[in-house]
Amino acid sequence: MRSGHHDFVDEFRPTSRACWIVAISILFWLPVRGEAQSSSDAINDVLPRVVKIYGAGGLRNLEAYGTGFLVSPEGHIATVWSHVLDNFAVTVVLNDGRRFEASVLGFEPQLDLAVLKLDEENLELPYFDVNNSITAGPGSFVLGFSNMFNVAAGDEPVSVIHGVIAAKTELITRRGTYESPYDGEVYIVDAATNNSGAAGGVLTTRDGQLLGMIGKELRNAGSNTWVNYAVPIQELGHAIEQIISGQFDNEPTEDPATSEDSLQVSPLNFGLVLIPDVINRTPAYIEAVLPKSPAARAGIQPDDLVLFVNDELVDSCRSFRQELSRLELGDELRLVLRRGEQLITVELPIEQQANVP
Amino acid sequence: MNAYSKLTSANAFVRPLRRDIGLMLISVVVGLSASARAVAVDPAVVAAEQRRVEVVSKASEAVVAIFGSTAQGGGSGVLISKDGYALSNFHVTSSAGDFMKCGLNDGVLYDAVIVGIDPTGDVALLKLLGRDDFPHATFGDSDNVEIGDWVYAMGNPFLLATDFQPTVTYGIVSGVHRYQYPAGTFLEYTDCIQVDASINPGNSGGPLFNAVGELVGINGRGSFEKRGRVNSGAGYAISINQIKNFSDHLRSGRVVDHATLGATVSSRSDGAVIVDNILEEAEVFRRGLREGDELVSFAGRTIRSVNQFKNILGIYPKGWKLPLVYRRGDERREIFVRLRALHRESEMNPRMMGAPIPGEPRERPRRRDNPDRDDGDQEEQPQPVPDSPRESSEDTPEKYQHMLEVRSGYANAYFNKVELDRTMSGLSRLGDFRQFTGTWRLRGSGTGLGVAASEGFELTVSESGIGLEWGARLFVQPLDGSELLDEPPGTGGLLLAISHLQKMLVLGKTGFTEYFYLGSEPLDGHGARVDVIVTELEGVNSFWYFQKDSGAFVGFDTTLGENADRCEVRFGEFRTIDGRMFPVNWMIRHADDTVAVFAIQELEMLAAGTGS
């Protein structure tokens, strides 16, 4: 994937891009806190917002349990879109042991996200405000909450583990033989957050603020090692809101187990690695070009800035991804790049099975 | 640059960000004075680090690296007394042999011998030999452990420590009062502590310390699923409070059993825990519990789930008496119940238990070159690592051979003698009764058994039988081989109990067919801890109680059968009679009721052959 190890000083060039990164990294810099204090207040604050979910499964390696978190006082619950929800009706057990039936209100396979609603009215539950969320950078102390291994039952609280954000980067994984549908940014954690049944749990800061949702068990596509990660809540908040407000397509378009097969073109399909998407409008700079990839053959280089995709202006990593995701087999892909003071136009083929090596 | 390159190489999935981490570091350094060579660190951080270093340094002294004497097996342990008693897991010692080699962080390898085992709780007690001044851990209170607390797990994962310096992993408590299902009926983890500190094969039996270095648990298993048999972020430690309940039982050298209530429970849809099945011969049935009753609390802890009930039940040895509160309709009742054995005697043979647990394949941690293989193993114990790299020494020093006595029902019967001798000193302190093998007469006055006012009695204990004349009434228990009776009726066999007391005082061990130290328990379920000696004669068991701190003889129970309520005799004041201490205030209890109170004024004891 990477040609070798670079001394970063060599790469530290006073380009506009580097200055820009220094600026945002100061904004996002959070000191590593070394003081080993118990976080019990924060933990006790988060636990009532996390729920245990029981649904379909139970076969070998397909657990029938999962985790979710409350996103409204009325009993809306965000969790991962998985086989546990196949029946569309599941049992949810709150932290205080109360047990409710719940239905799938809607889901967004692209984000591996589903929203449930407890079949009960007039609830006043503690919840996470998904709009009032924060981000954290590498080195930040984090807590993971989930019902991993189904250890907790009834009113027993879910498991809490601690770790440090190792990186905030794109998720390039495989699950079984499939690639994950979600290829956006994730927090990579140095603790074993993503275990059986942990998906749908939460990653929080030391003081209990929501950072992201723990994802399914996935392996890194390159190294085949298990990845411990969480999807930043900023990636999910909008879809959660839309599902709750009913503005979202409620019908399953395809079986969730096979949706991962569909054509989803991402920068990596062409061998393009973007810089980390750390703010709302991160410019679409190319971080790296995989050797022998279509992008390499087309002559794209690191530090190129993507300006246009098929004549559509691209103002961020996110809009670049969105443009790519609209492509279909047979389409053409024409990029206009800025390299130094030059504008360069390249054309790339769209191939089926365009997977990373 | 070092830390930076380590970060990238250790995290293969951390891809493009590396440069930007570097840039961030630069940006921070730029923010500081250019001449500042070291980053200013908050003094609180330095102090916290210093505290950790001190705690680890002190705690490490008590951590034991266990190796099987035949180079088979191994694991970890922790010293708990200066004379060398150490805790470990049963699943470590069962494959390590009766004599083991134990390394401490002073670099010395000590001989050790098995003492007692608790196969259900997966606990073993061993004794390191050769010193009387071992460093040892101090007990914490595991009921005070909370989610989020910092903990240290120490031990010898993967048998890495060739110099016996323990490996330290640091993490937080992920859950408390966890329940982990047994393999069959053994290796059940109840009320255990879940941690995210790394627990790996070889950590088994090692200590879990709290932030101040007190021993709060014994690390024993982890949730090992599809990632090979290595840490998955969920390790489980047996709570030290459970082990405190069993520690004297373990010192007895016996194979220790856990308990059952004699009733099974299930949870109703509203969360209430309901009795759905009950054994009619169980004590809890005799105390009044019935199917359909709702359990409210057990051993002083509120019950809100079946797991909680199992958690509470699992931390007590068989035979302990515990308070149980239940509800029937609007009525709330509180009873004391003595727990039944979980296993039959025949199931508790240690020589049968060293074998691998059915359905629990014992294998090495999966090799890293085949990470793709998923076998879906559930909830495995960290296995003792086979094939110790250490040279084996099958020869146990001759001078320690006498410290192992193999007998059915015992891990090592040698240590039962040690505890018996210690406890029996509470009896010999009363004086020498050995010459009085003849008839005894006790005169005094008593109330009870329907007699309201105090009435005089005379109790005669002879070889042919026991008689009690009490006011106008006469009760007799012949000792000619005829049936053993509940005499006086409603006492559970007081006359028989008194004949056993005479045998205990006069004949000691030789008066009974079985005679062993059991362990300790809270007297009657609510009193101070007492050491317990068990005797058996003609199928009748008696239980003798000696206060733990003072060694004082405080009473005894006699039972006419396993499923009969005991006759419980508790002593108040002792008085010196002819140079011997004798209990003169007796309270007689049966089936949770005080049935009689005796005050003894005269004691007449005859030597053998001097007739009645």
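How each quantity is defined
- Residues numbered from 1 in each chain as written.
- Chains lettered and ligands numbered in written order.
- Predicted model: local features only at pLDDT ≥ 70, side-chain atom pairs only at ≥ 80, totals over all residues.
- Heavy atoms only, no water.
- Helix = DSSP H or I, 4+ residues; strand = E, 2+ residues; numbered from the N terminus.
- Buried < 20%, exposed > 50% of the residue type's maximum accessible area, 1.4 Å probe, protein only.
- Contact = heavy atoms within 4.5 Å.
- Phe/Tyr/Trp six-rings, centres within 6.5 Å; stacked < 30°, edge-to-face > 60°.
- Lys NZ or Arg CZ within 6 Å of the ring centre and 35° of its normal.
- Salt bridge = Lys/Arg side-chain N within 4 Å of Asp/Glu carboxyl O.
- Pairing = 2+ DSSP bridges.
- Axes fitted to C-alpha atoms, helices over the stretch in contact; angles between N-to-C directions.
- Core = buried A, V, L, I, M, F, W, Y, C linked by side-chain atoms within 4.5 Å.
- Expected span 1.5 Å × (residues − 1).
- Polar contact = N/O pair within 3.5 Å; in protein donor to acceptor, adjacent residues only side chain to side chain.
- Domains from an automatic or database assignment.
- Nonpolar A, V, L, I, M, F, W, Y, C, P; charged D, E, K, R; others polar.

Brief notes about the overall build of chain B
Here comes step 1: Helices and strands together make up the secondary structure of chain B, namely 10 helices and 33 strands.
Here comes step 2: Considering chain B as a whole, with its 612 residues, one finds that 58% of them fall into the buried category.
Here comes step 3: Partitioning the intrachain contacts of chain B with sequence separation of at least 6 by distance along the chain shows that 60% fall at a separation of at least 24.

Quick word on the packing of aromatic side chains
Given two aromatic rings, one states the distance between the centres and the angle between the planes to describe the pair.
Residues and elements named next belong to chain B.
Here comes step 1: Considering all chains together, one arrives at 26 aromatic pairs over all chains under this definition.
Here comes step 2: Their ring planes at 20 degrees and their centres at 4.8 Å tell us that W150 and Y170 sit as a pair that is stacked. Here the residue W150 occupies a position in strand 7 (residues 150-155), and Y170 occupies one in strand 8 (residues 167-180), the gap between them amounting to 20 residues.
Here comes step 3: By way of ring pairs, the aromatic residues F512, Y515, W544, F546, F553, F556, F571, F574 and W586 are connected into one cluster.
Here comes step 4: If you follow R407 out to its NZ or CZ, it ends over the ring of Y410, 4.7 Å from the centre.
Here comes step 5: Over the ring of F543 we find R566, and its NZ or CZ is 3.6 Å from the ring centre.

Side note on the pattern of salt bridges
All names here are of chain B.
Here comes step 1: One pass over the structure, following the stated rule, counts 41 salt bridges over all chains.
Here comes step 2: In this structure, R301 and D191 form a salt bridge, with 2.9 Å as the shortest nitrogen-oxygen distance. Within this pair, whereas R301 is found in strand 17 (residues 301-302), its partner D191 is found in strand 9 (residues 189-195), the two being separated by 110 residues in sequence.
Here comes step 3: Residue class for D191 comes out buried when judged on its relative accessible area of 4%.
Here comes step 4: The shortest N-O distance in the salt bridge between R441 and E458 comes to 3.7 Å. A residue pair is termed long-range when its members are at least 10 positions apart, and R441 in strand 21 (residues 440-448) and E458 in strand 22 (residues 451-462) qualify at 17 residues.
Here comes step 5: Of the residues examined, R441 reaches a relative accessible area of 15% and is grouped as buried.
Here comes step 6: Salt bridges here are not isolated pairs; linked through shared partners, they connect R338, E521, D524, D557, R566 and R570.

Description of the pairing of strand 6 (residues 113-118) of chain A
Residue and element names in this part refer to chain A.
Here comes step 1: Buried residues dominate strand 6, accounting for 6 of its 6 residues.
Here comes step 2: Two strands pair when backbone bridges link them, and strand 3 (residues 76-80) and strand 6 are joined in this way by 5 bridges, in the antiparallel orientation. Across the sheet, T79 pairs through a bridge with A114, a residue of strand 6.
Here comes step 3: Note that strand 5 (residues 99-108) and strand 6 share 6 bridges and pair antiparallel.

Notes on the environment of A599 of chain B
All names here are of chain B.
Here comes step 1: Within the secondary structure, A599 is located in strand 33 (residues 593-605).
Here comes step 2: For the pair A599 and R570, spaced 29 residues apart in sequence, the C-alpha to C-alpha distance is 12 Å.
Here comes step 3: Setting aside residues up to four positions removed in sequence, A599 forms contacts with G444, S445, F457, V584 and N585.

Some details on the sheet that holds strand 28 (residues 553-559) of chain B
Residue and element names in this part refer to chain B.
Here comes step 1: Overall, antiparallel pairing links the 11 strands, which are arranged 24-23-22-21-33-32-29-28-27-26-25 in an open sheet. Every interior strand has two partners, whereas the edge strands, strand 24 (473-478) and strand 25 (514-522), have only one. The mean angle between the axes of side-by-side strands here comes to 20 degrees, regardless of whether they run parallel or antiparallel.
Here comes step 2: With 5 bridges joining them, strand 29 (residues 567-571) and strand 32 (residues 585-590) adopt antiparallel strand pairing. Note that in strand 32 the partner of V569 across the bridge is I588.

Concerning the nonpolar core
Residues and elements named next belong to chain B.
Here comes step 1: Counting residues in each nonpolar core, the largest one holds 70 residues, and the members touching the most others are L87, L128 and F209.
Here comes step 2: If you tally residues by element for this core, the top one is strand 5 (residues 109-118), at 6 residues.
Here comes step 3: Formed by 47 residues, the second largest nonpolar core is a distinct cluster that contains L427, F457, L501 and F553.

Some words on helix 3 (residues 43-60) of chain B
Because the α-helix completes a turn every 3.6 residues, residues three or four places apart line up on one side.
Residues and elements named next belong to chain B.
Here comes step 1: In a regular helix each residue adds 1.5 Å, so 18 residues correspond to 26 Å; helix 3 covers 25 Å between its end C-alpha atoms and thus fits that length.
Here comes step 2: If you follow the buried residues of helix 3, they end up packed against strand 1 (63-68), strand 7 and strand 10 (207-210).
Here comes step 3: The distance from a side-chain oxygen at the start of helix 3 to the backbone nitrogen of A44 is 2.9 Å, and the residue carrying that oxygen is D42.

As for the domain arrangement of chain A
All names here are of chain A.
Here comes step 1: Domain annotation of chain A identifies domain 1 (40-128), domain 2 (131-234) and domain 3 (263-348).
Here comes step 2: Across the contact, 29 residues belong to domain 1 and 33 residues belong to domain 2.
Here comes step 3: Along the contact surface separating domain 1 from domain 2 lie 1 salt bridge.
Here comes step 4: In this assembly, domain 1 and domain 2 are joined by 9 residue pairs in polar contact (both at pLDDT 80 or more).
Here comes step 5: Elements with a minimum of two residues in the side of domain 1 that touches domain 2: helix 3 (40-46), strand 1 (50-54), strand 2 (65-70) and strand 3.
Here comes step 6: Here the side of domain 1 that touches domain 2 gets 5 residues from one element, more than from any other, and that element is strand 2.
Here comes step 7: Tallied by class, the residues present in the side of domain 1 that touches domain 2 amount to 17 nonpolar, 8 polar and 4 charged.

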